Amino acid sequence: MKERVILVFNVGSSSIKYSLFKNYELLKSGNYERLKTKEDYEDSVKKIFEKINSEIDIIIHRVVHGGDLKKPSRITEKIKKRIKEFSEFASLHNPKQIRVIELCEKYKKPQYAVFDTMFFSEIPEIARTYAIPKEITKKYGIRRYGFHGLSHEYVSRNMKGKTITCHLGAGSSISAIINGKPADTSMGLTPLEGLIMGTRSGTIDPGIIFFLEKKGYDAEEMLSEKSGLKGVSGYNDFRDVRSKMNKDKNCKLAYEMFVYSIVKAIGSYIAAMNGIDNLVFTAAIGENVPMLRRDVCSHFSYLGIRLNKEENEKNSKMISSKSSKAKVWVKKTDEERTAVEEVLKILRTSE
Ligand code: ADP
């Protein structure tokens, strides 16, 4: 296969992660955090190109919402227009990702987009359909799209049977996967549905939204940026919530609510799949917090899920005990590598 130097951008709501690959080999990576303004993003992109200081063949962007785009796409004006259209459903992410794509244009390299939604494009109709009028869902493309697809796909690879993957970070989602095929996922039309997150409410009574709008609040901003752990405790960073929870009752409540939302999602997918063979924890919180994994798994003792205490404390790859009825894993996610693999797959077929 042709050798290519590939720069991958993983642009988040307040950060830019980047990785440099030579085909599948990782050469360099880094990140810029706590970005707020347009200038912060511009500055970071400039610094990344300065730091890389080597010839690049292609640039790949992880794009959160790709709507009905099922495959990685070479970025053209048409694709940019599609990504902009779906910004409405991912207002914290897509606009920033488009901005970084446009900033990269001046380097005149082929650019590709890999979408977080791709993995879930084939989830069954029963799981992807919202019970609202059909003509409306059709007109606007309203359905469950699901997010963190690169991560859920990566950590569930080679897992046989019924698998539940828990991607727990600033944004969190849980998926049900049967023999590698997604059956359901907790995020929906937007990355706001599902679990409680750093600043996102997750699933709430839709009546709350109508009420807030009537009272004159910007419900979207409130539920996306001021809710979740931050709304309950004042802290959006999980590490703060955890370190203060012994003294601060709001932090304790936020932690317990987070665990409870994870437990409910896992429980519902065990029921939906009529069983579980593998439970996988990933992303910054899933990979690094034994206490949280223990607290979550304690709710499934009735099913015979048992942790090996020592392995859990060490964040080992396999943390279930020998007698456990399902295997419990800690897997380090790698969205950037998955993005590279997806793009090289399509490039290889055209070589
Ligand atoms: P994003 O969803 O933007 O990619 P991350 O996956 O980096 O975010 O997750 C960020 C969250 O993970 C923050 O709440 C942070 O507190 C938490 N976090 C990061 N590292 C650790 C760690 N080592 N232990 C516990 N929590 C962590």
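See the structure shown above.
The present account deals with the structure reproduced in this document.

1. Description of the site of the ligand
1) Next: Around the ligand, a shell composed of Lys17, Gly169, Ala170, Gly171, Asp237, Phe238, Arg239, Ala284, Ile285, Asn288 and Val289 is seen.
2) Next: In this structure, Asp237 approaches the ligand through a side-chain N or O atom, which is 2.2 Å from an oxygen atom.
3) Next: In the environment of the ligand, an oxygen atom lies 3.0 Å from a nitrogen or oxygen atom belonging to the backbone of Phe238.
4) Next: Considered on its own, the ligand offers 570 Å² of accessible surface; in the complex 71% of this is hidden by protein.
5) Next: Among the elements of the structure, helix 10 (238-244) and helix 12 (283-288) are those that each provide at least two residues to the shell around the ligand.
6) Next: Across the shell around the ligand, the residue classes tally to five nonpolar, three polar and three charged.

2. Notes on the state of the cysteines
1) Next: Per the counting criterion, the structure on display carries zero disulfides.
2) Next: For the unlinked cysteine Cys166, the closest cysteine sulfur is that of Cys297, found at 8.2 Å.

3. A short note on the sheet that holds strand 2 (residues 16-22)
1) Next: Taking strand neighbours across the sheet as the criterion, the six strands line up as 3-2-1-4-6-5 in an open arrangement whose pairing is mixed. Only two strands of the sheet have a single partner each, and these edge strands are strand 3 (25-32) and strand 5 (73-74).
2) Next: Pairing of strand 1 (residues 5-11) with strand 2, which is carried by seven bridges, proceeds in the antiparallel orientation. Residue pairing in the sheet places Val5 in a bridge with Lys22 of strand 2.

4. Side note on the pairing of strand 8 (residues 172-178)
1) Next: The buried count for strand 8 comes to six of seven residues, which makes it a mostly enclosed element.
2) Next: Where strand 7 (residues 162-168) hands over to strand 8, the hairpin turn is made up of three residues, counted between the paired strands.
3) Next: Taken together, the four bridges between strand 8 and strand 9 (residues 181-185) define a ladder with antiparallel strand orientation. Bridging across to strand 9, Ile177 finds its partner in Pro182.

5. Digging into the nonpolar core
It is characteristic of soluble globular proteins that their nonpolar side chains tend to be buried jointly.
1) Next: Counting residues in each nonpolar core, the largest one holds 38 residues, and the members touching the most others are Ile164, Ile266 and Leu292.
2) Next: If you list the elements that add at least two residues to this core, you get strand 7, strand 8, helix 10, helix 11 (249-273), strand 10 (278-282), helix 13 (290-297) and strand 11 (327-330).
3) Next: When residues of this core are assigned to their parent elements, the largest contribution, twelve residues, is made by helix 11.
4) Next: Here Leu292 is in contact with Leu168, Phe238, Tyr255, Phe258, Val259, Ile262 and Ile285, once residues within four sequence places are set aside.

6. Details of the side chain of Ser121
1) Next: As for its position among the elements, Ser121 is in the loop between strand 6 (111-115) and helix 4 (125-128).
2) Next: Residue classification places Ser121 among the buried positions, given a relative accessible area of 14%.
3) Next: Apart from residues lying up to four places away in sequence, Ser121 is in contact with Lys70 and Arg143.

7. What about the pattern of salt bridges?
1) Next: Under the criterion given, the structure shown has 23 salt bridges.
2) Next: Of the charged contacts, one joins Arg144 and Asp184 as a salt bridge, the two residues approaching to 3.7 Å between their closest N and O atoms. Placement of the pair is Arg144 in the loop between helix 5 (134-140) and helix 6 (149-156) and Asp184 in strand 9, with a sequence separation of 40 residues.

Analysis parameters
- Residues numbered from 1 in each chain as written.
- Predicted model: local features only at pLDDT ≥ 70, side-chain atom pairs only at ≥ 80, totals over all residues.
- Heavy atoms only, no water.
- Near = heavy atom within 4 Å.
- Polar contact = N/O pair within 3.5 Å; in protein donor to acceptor, adjacent residues only side chain to side chain.
- Areas by Shrake-Rupley, 256 points an atom, 1.4 Å probe, with all protein chains shown as cover.
- Helix = DSSP H or I, 4+ residues; strand = E, 2+ residues; numbered from the N terminus.
- Nonpolar A, V, L, I, M, F, W, Y, C, P; charged D, E, K, R; others polar.
- Disulfide = S-S within 2.5 Å.
- Pairing = 2+ DSSP bridges.
- Buried < 20%, exposed > 50% of the residue type's maximum accessible area, 1.4 Å probe, protein only.
- Core = buried A, V, L, I, M, F, W, Y, C linked by side-chain atoms within 4.5 Å.
- Contact = heavy atoms within 4.5 Å.
- Salt bridge = Lys/Arg side-chain N within 4 Å of Asp/Glu carboxyl O.

Just geometry here; none of it tells us what the structure is for.
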